[in-house]
Amino acid sequence: MRISASWRISTLTGSRFYATTATRVPQTIIEKVVQRYAVDLPQGKAVRAGDYVMIRPEHVMTHDNTGPVISKFKSIGATRVHNPKQLVFTLDHDVQNKSPKNLAKYASIEAFARQHGIDFYPAGRGIGHQVLVEEGYAFPNTLTVASDSHSNMYGGVGAVGTPIVRTDAAALWATGKTWWQVPRMIKVELKGKLAPGVTGKDVIVALCGYFNKDEVLNGAIEFAGDGISALSVDERLTIANMTTEWGALAGVFPVDDVTLDWYERALKRLELRTFSTPALSASIPPPPEHPRINRARLDALRADMIRSDPDAAYASHLVLDLSTLVPHVSGPNSVKVSNPLPVLESKHIPIQKAYLLSCTNARASDIAAAAAVMKGHKVAPGVEFYVAAASSEVQQDAEKQGDWETLVAAGAKPLPSGCGPCIGLGVGLLQEGEVGISATNRNYKGRMGHPNAQAYLASPAVVAASAIKGYIAGPDSLDPAALPPVGAPTFSIVTPAKDGASSAAEAAAEEPVLPGFPSTFAGPLLFAPQDNLNTDALYPGKYTYQDDITLERQAEVVMENYDPSFAALVASIRKEQERTPSPSSDVKQGVVLVSGYNFGTGSSREQAATALKAAGVPLVIAGSFGDIFKRNAINNGLVCIESPELVADLTREYAKDGKRGAGGMDGELTVNKGHNVDVKVVEGRVEVRWPTGETRTYKVGRVGASVQELWICGGLEGYVLKSIKEAGAP
């Protein structure tokens, strides 16, 4: 089935479904919220996991990447924003950059916002995700998306937040809606109560480290259990934020008394924020009602509390006993490695930098926790401690409480409210050979600075204590006697997740080949024996916000943080291919890249896909893909195929010690042994010719007609342009 002008999306790859028909279908909270925002559904359709639906989200946020989205919006021929009140612009990533070029970029984004009546928050107001929560764009029981991978954070207040990519954002601007596959539902049960000194950051660091076999990959997490009631909203925001690193597409907490009390305090704060002192509020008329956080909306929320149906279906049920958890530290350079703090503290691992910033752990409570540790102490010699509030409002609160002054007096170096070092921008980055500990969310190799640096993640209190002592350590106030025994917490899987990696091939139906789509992708095979090859490895963050970078330049730096020789290798192969004409017009030649599981995990930068395509890689085969990367790939005409069997064969024969993660047998990061491959994408077959002369065939999921059509149009941007022209819209 092809995509219609009304954007009804059918199968993309493998087994995909329309919204399920039923008279009474049990649903989770997440499915119920998505149901409210799904459009163009036949009457009586109930949204379920696995369905492809068109959504019209409450809001869509873009940040520094608004510039490229504007370019995409204009390039598809759109001149009018479908619904300006749906859009939110927040400038937060490169706020330290005062170059004329960046200031001009920021000015052009603000001008576009003013021209179209779009809500705009300038550099310095705060990190977009924090602003969306503070200003009510992310609100309980709503669906809000953002062109940033950490939109999962909105789940901390009971909203369904999920990432989109830049091309999706342009489509939303033009049409008000985009496509989304409802992820598989995963229940994460938090039991018991945290011991004193153990925080929400420790919870998510432990979840990432102990459930580290892709148990939640590309899923939507619903948090449940009696342990939730003792978690503050700030802790919930931290946990939901890092469900991104855990591999999920959403992480949603239920709306409960803790949530409602938090909004009551937020409403009171908003009512008073126009007065210099609260006492004046009694003698002056009240300020205008906030458009999103107001009494009527809170009363409506209380009257319409959504709960999952008792018989709702979950693909998996994970359990963590909070009462058995001690403080944990993530790393180095991987969230899938998690160690009890006492174990690392005994090793006296020296640090050179410490960070308290980002949308993960730079709220007022986080700054207060760090200040309590720092009070009366100084940052250790040889250590640089950087702090930045999540928003200007957070900083005002911290200053009012005296916590900001405490940190600065102890030697902390303040930075403007923004992403900064977390995204690898501005001052304070890790240098070669340095070790840093951070309260941020992502410690991938090279993300916060030099690829040969080491980054650990921990709670604000542990970061502050480490900055004082000069090595990874906990605060002196942490009482070992009040903690459970040191070691792994009690965790379990009640219902194992179904293995969907190879089911697509079994469930796929016959798909036609649309005119203009190649029946075969052919070329040499390169193997990157690595799981979790993330977007920082595929396309370094330092290039992400260079909006004028060409595709040719993207091709030159692709995979730079993983294998600096990769781009040159692909270029040499492509040069040789160009000397030999394609054997058929329906054969697309190029280099076929094969890698491990969760390929493309990480941020929402679409250059991770466009750089590969620009380099001459028209198709990637992996054990599985990060969903955001796959979405970027589909939107930009890069074909993604899953083949666990091929990955297993290549790993067994060419990876060092038969395991992915340490390069090839000869130490090379990219294995090039002379394999050639024909990928019959519509037939669902991969034929690999091995250097020995043997040909092996692998069954894979077929590429559906909708993906074919997007590919023919050059991606989603081209398809939207085509749709606008066909509809005669401006």
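In this report, the structure presented in the accompanying data block is examined. Note that the structure is predicted; figures quoted are calculated from it, not measured.

Cut-offs and rules
- Residues numbered from 1 in each chain as written.
- Predicted model: local features only at pLDDT ≥ 70, side-chain atom pairs only at ≥ 80, totals over all residues.
- Heavy atoms only, no water.
- Salt bridge = Lys/Arg side-chain N within 4 Å of Asp/Glu carboxyl O.
- Helix = DSSP H or I, 4+ residues; strand = E, 2+ residues; numbered from the N terminus.
- Buried < 20%, exposed > 50% of the residue type's maximum accessible area, 1.4 Å probe, protein only.
- Pairing = 2+ DSSP bridges.
- Axes fitted to C-alpha atoms, helices over the stretch in contact; angles between N-to-C directions.
- Contact = heavy atoms within 4.5 Å.
- Disulfide = S-S within 2.5 Å.
- Expected span 1.5 Å × (residues − 1).
- Arc of directions from axis to C-beta.
- Polar contact = N/O pair within 3.5 Å; in protein donor to acceptor, adjacent residues only side chain to side chain.

Using the criterion set out here, one finds 42 salt bridges in the structure. For Lys72, the salt bridge identified is with Glu606, shortest N-O distance 3.3 Å. Here Lys72, found in helix H2 (residues 66–75), pairs with Glu606, found in the loop between strand S25 (592–595) and helix H21 (607–615); they are 534 residues apart in sequence, far enough to count as distant. Assigned by exposure class, Lys72 and Glu606 land together as buried. Close ionic contact of Glu264 with Arg302 constitutes a salt bridge, the shortest N to O distance being 3.2 Å. With Glu264 in helix H9 (residues 257–272) and Arg302 in helix H10 (residues 295–303), this residue pair connects regions lying 38 residues apart in the sequence. In this structure Arg302 comes out as partly exposed when scored by relative accessible area, which is 39%. Salt bridges sharing common partners tie together Arg125, Glu134, Glu135, Arg269, Glu393 and Asp397.

A few words now on the sheet that holds strand S12 (residues 219–224). In space, the five strands of this open sheet follow the order S13-S12-S11-S14-S22, with mixed pairing throughout. In the strand order of this sheet, the two ends are held by strand S13 (250–252) and strand S22 (491–495), each with one partner. Taken over all neighbouring pairs, the strand axes of this sheet differ in orientation by 20 degrees on average, direction set aside. Pairing of strand S11 (residues 184–191) with S12, which is carried by six bridges, proceeds in the parallel orientation. Across the sheet, residue Lys187 finds its bridge partner in S12, namely Glu222. Along the sheet, helix H1 (residues 29–37) makes contact with S11, S12 and S13, crossing S12 at roughly 120 degrees.

Our next topic: the state of the cysteines. Where two cysteines share a covalent bond between their sulfur atoms, that bond is called a disulfide. Counted by the stated rule, this structure contains zero disulfides. Among the cysteines around Cys208, which has no disulfide bond, Cys422 carries the closest sulfur, lying 14 Å off. Accessibility expressed as a relative area gives 2% for Cys208, which makes it buried. Looking at Cys359, it has no disulfide partner, and the nearest cysteine sulfur is the one in Cys419, 6.4 Å off.

Over its 16 residues, H9 extends 23 Å from the first C-alpha to the last, a length consistent with the 22 Å expected when each residue adds 1.5 Å. Restricting attention to buried positions, one finds in H9 the residues Thr259, Leu260, Trp262, Tyr263, Ala266, Leu267 and Leu270. For H9, the angular spread of the buried residues around the axis is 155 degrees, confining them to a single face. Exposed positions of H9 whose direction lies more than 90 degrees from the buried face are Asp257 and Arg265. Each element contacted by the buried residues of H9 is listed here: helix H4 (128–134), helix H7 (233–241) and H10. Measuring from the backbone nitrogen of Val258 back to the side-chain oxygen at the start of H9 gives 3.1 Å, which picks out Asp256 as the cap.

The next point concerns the environment of Pro460. Tracing the backbone through its elements, the reader meets Pro460 in helix H15 (residues 460–469). For Pro460 and Tyr355, which are 105 residues apart along the polypeptide, the C-alpha to C-alpha distance reads 8.6 Å.

Backbone torsion omega between Gly331 and Pro332 reads 10 degrees, so that peptide bond is classified as cis. By the element assignment, Pro332 lies in the loop between strand S15 (328–330) and strand S16 (338–340). A positive phi angle, close to 60 degrees, is found at Asn598, a residue other than glycine. As for its placement among the helices and strands, Asn598 is situated in the loop between S25 and H21. Assessed through its relative accessible area of 4%, Asn598 is described here as buried.

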